[in-house]
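Here are the chains, one letter per residue:
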Amino acid sequence: MKFEDLLLEIGGFGRFQILILFILCLPRINLPMHFLLHNFLAATPSHHCAIPRQEAFVNLTVEEVLLISIPREPDGTFRSCEMFSRPQFQLLLNSSLQPENDSVIQPCQHGWVYDHLQFTSTISTQWDLVCERRGLNQATATFFFIGVTMGAVVFGYLSDRFGRKAMLLLSLLCSVVFGMLSAASVSYSMLAITRTLTGVALSGVSLIVLPLGMEWVDVQHRTLAGILTSIFWSVGNMLLAMVAYLVREWHWLLVAVTGPCLLSIVCLWWVPESARWLIANGKVKQAHRHLLRCARMNGRKDFAEDVPLIMYAQRVVLQWEYKKPGESYSYISLFRTPVLRKISLCSGAVWFGVAFSYYGMSMNLTGFGLNMYLSQFVFGIIEIPAKMIMYVLVNRVGRRQCQAWALILTGLCIGANVIIPKPFTSLRSVVAIMGKGFSEAAFTTVFLYTSELYPTVLRQNGMGYTSFVARLGGALAPLVFLLDDVWRSLPEVTYCGVAVCCGSVAFLLPETLHVRLPEGIEDIE
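Residues numbered from 1 in each chain as written. Predicted model: local features only at pLDDT ≥ 70, side-chain atom pairs only at ≥ 80, totals over all residues. Heavy atoms only, no water.

This next bit is on the UniProt feature "transmembrane region" (unreviewed entry) in the protein. Per the UniProt record, "transmembrane region" (unreviewed entry) is found at residues 139–159, 166–186, 192–212, 224–246, 252–271, 343–361, 373–393 and 405–424. Helix makes up 100% of residues 139–159 and strand 0%, whereas the separation of the span's terminal C-alpha atoms amounts to 29 Å. Helix makes up 100% of residues 192–212 and strand 0%, whereas the separation of the span's terminal C-alpha atoms amounts to 31 Å. (UniProt positions renumbered as here; feature names shortened; annotations may be inferred. Helix = DSSP H or I, 4+ residues; strand = E, 2+ residues; numbered from the N terminus.)

Ring pairs (aromatic) are described by centroid distance and by the angle formed between their planes. Going through the model one piece at a time under the given rule, you end up with 23 aromatic pairs. Taking 5.8 Å as the distance between ring centres and 75° as the angle between the ring planes, the aromatic pair formed by F35 and W233 counts as edge-to-face. Here the residue F35 occupies a position in helix α2 (residues 15–35), and W233 occupies one in helix α9 (residues 222–246), the gap between them amounting to 198 residues. Each of the two residues, F35 as well as W233, counts as buried. Among the aromatic residues, ring-to-ring pairing joins F35, F144, F145, W233, W351, Y358, Y359, F443 and F447 into one connected group. Its guanidinium or amino end placed over the ring of F447, R28 lies 5.1 Å from that ring's centre, counting from NZ or CZ. (Phe/Tyr/Trp six-rings, centres within 6.5 Å; stacked < 30°, edge-to-face > 60°. Buried < 20%, exposed > 50% of the residue type's maximum accessible area, 1.4 Å probe, protein only. Lys NZ or Arg CZ within 6 Å of the ring centre and 35° of its normal.)

For the rest of this paragraph, the subject is the pattern of salt bridges. Scanning all chains against the criterion turns up 8 salt bridges. Between K436 and E383 there is a salt bridge, and its shortest N-O distance comes to 2.4 Å. Note that K436 is positioned in helix α18 (residues 425–453) and E383 in helix α16 (residues 372–396), a separation of 53 residues in sequence. According to the relative accessible area criterion, E383 is buried, its value standing at 0%. Residue R399 is joined to E452 by a salt bridge in which the shortest nitrogen-to-oxygen separation is 2.8 Å. In this pair, R399 is assigned in helix α17 (residues 399–419) and E452 in helix α18, connecting sequence segments 53 residues apart. (Salt bridge = Lys/Arg side-chain N within 4 Å of Asp/Glu carboxyl O.)

Below, the structure written as structure tokens:
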């Protein structure tokens, strides 16, 4: 008897599964509030060089002081990173006569003055992460995703070794501790370290939540469960916009997005360990207890009540004989056999492209003509219909086609906005929102698709490996924005090219529509 058959006997999608999925959605809401927090945590408001007070300025207005102290851009705005080495009083007579001699222009010497109308404080204003230090500002997101990358490797292995639930609880506890330490940071170095460690901890949440829920759901409802779980990521997106709008001070913003992890820790008490994992690791008694609990809650009270436990063990454990005594699996196992090797290489490329383009769009809230809070909220809303459409398509068209075309269309939308002129803000916004919808559709599909590609004994290792590759993409995405110094459109062209190429790789993966979850490597090969 396969485990899928056991699920059908106890109710593959009843009250028990719905309760588990709902509880696991709580930490899912919290993930985007940290993963996309950089948009508000490190936002850079309008700024200009600080001008020291001089006696010659006594009778001048603030506007006149700026006029004679700071050069202007061609569009008439004051430059953010340069000032005149000495006051240009002749500009008071004719402000259009900007000095042609660059020798009178120098970098800011006395710090910066920031516009606090939108933000009370951000890490940019706290530690002057602007101009030549702009790279450190973008690096904050990279540090976080480096942590997520490391966490994907660590928790992928640990959850296969010590269980899904225990490692989920550990990752939530660590998220609270390091999240609060980030809020208490007194230096940039402390913030960089604690945000990296927060990324490590949250990676466990991201990695474990979906498989833990999926391993309790039957084949027929697997797609529905995956889509419903992912909707709560979009809810978190919208909540981030509202929380950031209400909390404009970066310390308290970190506290506000970290606090909900405590609720998830409390609710996790009602979530059982994965019966699949327990059986695979020989813990039949515990698995039997959880399966009975599931059967009772789903109204299947007669399940196995009159069957001795030893008979049950024989029926089930023999189906896991592929896991021979003393045999262990690691990330190397993903590349030992031909079919698994191909799956691992191709799925890694797809995950990189999905994460790279998704975070490239998500961290460019001001580039499409909308208010950044509205952009964040709209980007969250558009994800929900995208998920609903994908729920229909992945069951009709299949996982592979949906994965490939969603990612390719994401790249094409990003590329279209390179061509559309800046004044066409409405059109650019529509194309960007469409691209964000395709991007989320690709992300939704890749989680479901990957969890179906790998066998149970390697599923968490497989998810850990692909998550590792994805976080590399997430870590590189913010740094690509620095390429605008070379060519203003180079970041968008890069996102476009990577998305189209990686989307094409998805055509090389096998289809998993209506296929049972593989249990051993032999099922894959």
